[in-house]
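# Coordinate inspection notes
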Amino acid sequence: MYRGYAFGVDANAVGEVVFTTANVGYPESLTDPSYKGQILVFTSPLIGNYGVSPDQWESDSVQVSGVVVFDATSPSHYTSVMSLDEWLRREGVPGIFRVDTRALTVKLREVGVMMGAIANSVNEAFRLLANAPRYDEVDFTRLVSPKNIISYGNDDRPCIGIVDCGVKMSIVRNLLIRGFRVVRYPCHMWSKALSDCDGVLLSNGPGNPNLLTYLSDVVVDIIRDRKPTLGICLGHQIIALGAGAKLYKMKYGHRAINKPILDLARNRVYVTTHNHGYAVDPQSIRNTGFRVWAVQPDDNTVEGLIHERLPILTTQFHPEAKPGPHDTTWVFDEFAKMVMGHGH
Ligand SMILES: NC(=O)CC[C@H](N)C(=O)O
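We now turn to the structure provided with this report. What you see is a predicted model; the values in this text were computed from it and never measured.

## What about the sheet that holds strand β7 (residues 94–97)?
- Taken in spatial order, the six strands make up an open sheet running β1-β7-β5-β3-β2-β8, and their pairing is mixed. Each end of this open sheet is capped by a strand with a single partner; those strands are β1 (5–8) and β8 (114–118). Here the strands of the sheet are splayed against their neighbours by 35° on average, with no regard to which way each runs.
- Note that strand β2 (residues 13–20) and β8 share five bridges and pair antiparallel. Looking at β8, one finds that Val 17 is bridged to Met 114.
- Contacting β2 and β8, helix α4 (residues 122–131) crosses the sheet at an angle of about 135° to β8.

## Focus: unusual backbone geometry
- Cis geometry is found at the peptide bond from Lys 322 to Pro 323, where omega equals 0°.
- With respect to the element layout, Pro 323 can be found in the loop between β18 (312–315) and α10 (330–339).
- In this model, Arg 226 sits at a positive phi of 50°, which is unusual for a non-glycine residue.
- Structurally, Arg 226 is set in the loop between α8 (216–225) and β13 (229–232).

Reading the values: the criteria
- Residues numbered from 1 in each chain as written.
- Predicted model: local features only at pLDDT ≥ 70, side-chain atom pairs only at ≥ 80, totals over all residues.
- Heavy atoms only, no water.
- Pairing = 2+ DSSP bridges.
- Helix = DSSP H or I, 4+ residues; strand = E, 2+ residues; numbered from the N terminus.
- Axes fitted to C-alpha atoms, helices over the stretch in contact; angles between N-to-C directions.
- Contact = heavy atoms within 4.5 Å.

Geometric values such as these leave the question of function open.
Structure, rendered in structure tokens:
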């Protein structure tokens with residue numbers, strides 16, 4: 001139990017408690033649909049310094065279940081239209097501040113991520129936890145996937161179909177600036193994305209990828225159609241699963257904007273943005289037709305796969321960054337080349 005003071009909306013929250021070490025980019029993180037179902041702890045002590053502005057949002061609402069910070073500060077920035085506190089009130093999301101986030105992070109690192117609740121009393125917290133389903137058992141993707149098809153850009157351009165499991169808007173923007181038309185499909189409509197578009201992007205998204213059995217055939221069809229494909233984060237995990245590899249749940253995941261990845265093909269290191277709690281078992285890649293092209297050098301997590309023969313590329317990290325460094329936006333250039341027929 002960690003005591004603190006309430007901010008944001010006056011309500012309870014329950015979810016998987018995870019931490020991010022990102023010291024900036026809280027508006028982007030809080031609107032990242034991949035955080036659905038999670039209570040996000042910021043290890044950086046001052047969150048809110050530069051307020052909130054809609055051009056920072058990665059989706060149209062705050063996606064986390066609750067926010068834990070040491071200090072929720074008042075904003076001082078010319079782009080800010082509201083404080084973090086006001087934003088969370090409007091969005092109906094509770095926060096708690098003056099929590100010893102260092103002690104909480106050490107606990108999560110040592111024991112692993114776990115379900116947690118933000119509540120006004122211990123009894124209330126226990127009641128919430130007793131009634132909540134476990135994070136790993138809920139299909140959160142269904143909650144953040146769009147209900148209808150959404151298109152961006154001119155019809156005369158080559159088209160990328162996003163199988164949208166909760167895509168971050170920066171991914172859409174990275175495709176638009178490379179001259180593509182972009183169409184977001186509800187994830188159960190993946191076969192239409194394949195048939196209607198020149199390339200396919202399997203997006204990031206929340207929750208346990210093993211539950212998404214309705215997406216397992218997408219990989220079979222991508223391989224059969226030789227469809228140029230980019231898989232990002234959850235999309236990378238779906239491609240790995242569909243190819244016959246296995247996933248495991250990490251003890252406390254990678255959520256940061258300064259994670260190194262080692263590019264084994266180019267022998268280079270990039271600093272990248274991560275937000276994942278599951279990862280691909282490297283042993284299980286053998287005989288799938290894929291090879292590992294990137295790893296995280298601290299713990300050897302698989303950070304990218306590439307097909308031996310077909311134009312299929314994946315990243316466990318986030319090439320779109322937001323928040324984070326732009327070292328790996330070239331991944332979108334590679335994908336663009338694959339779609340235009342002169343890449344890998
Ligand atoms: N950002 C993502 O796409 C996250 C993927 C998956 N939900 C995980 O936690 O590993």
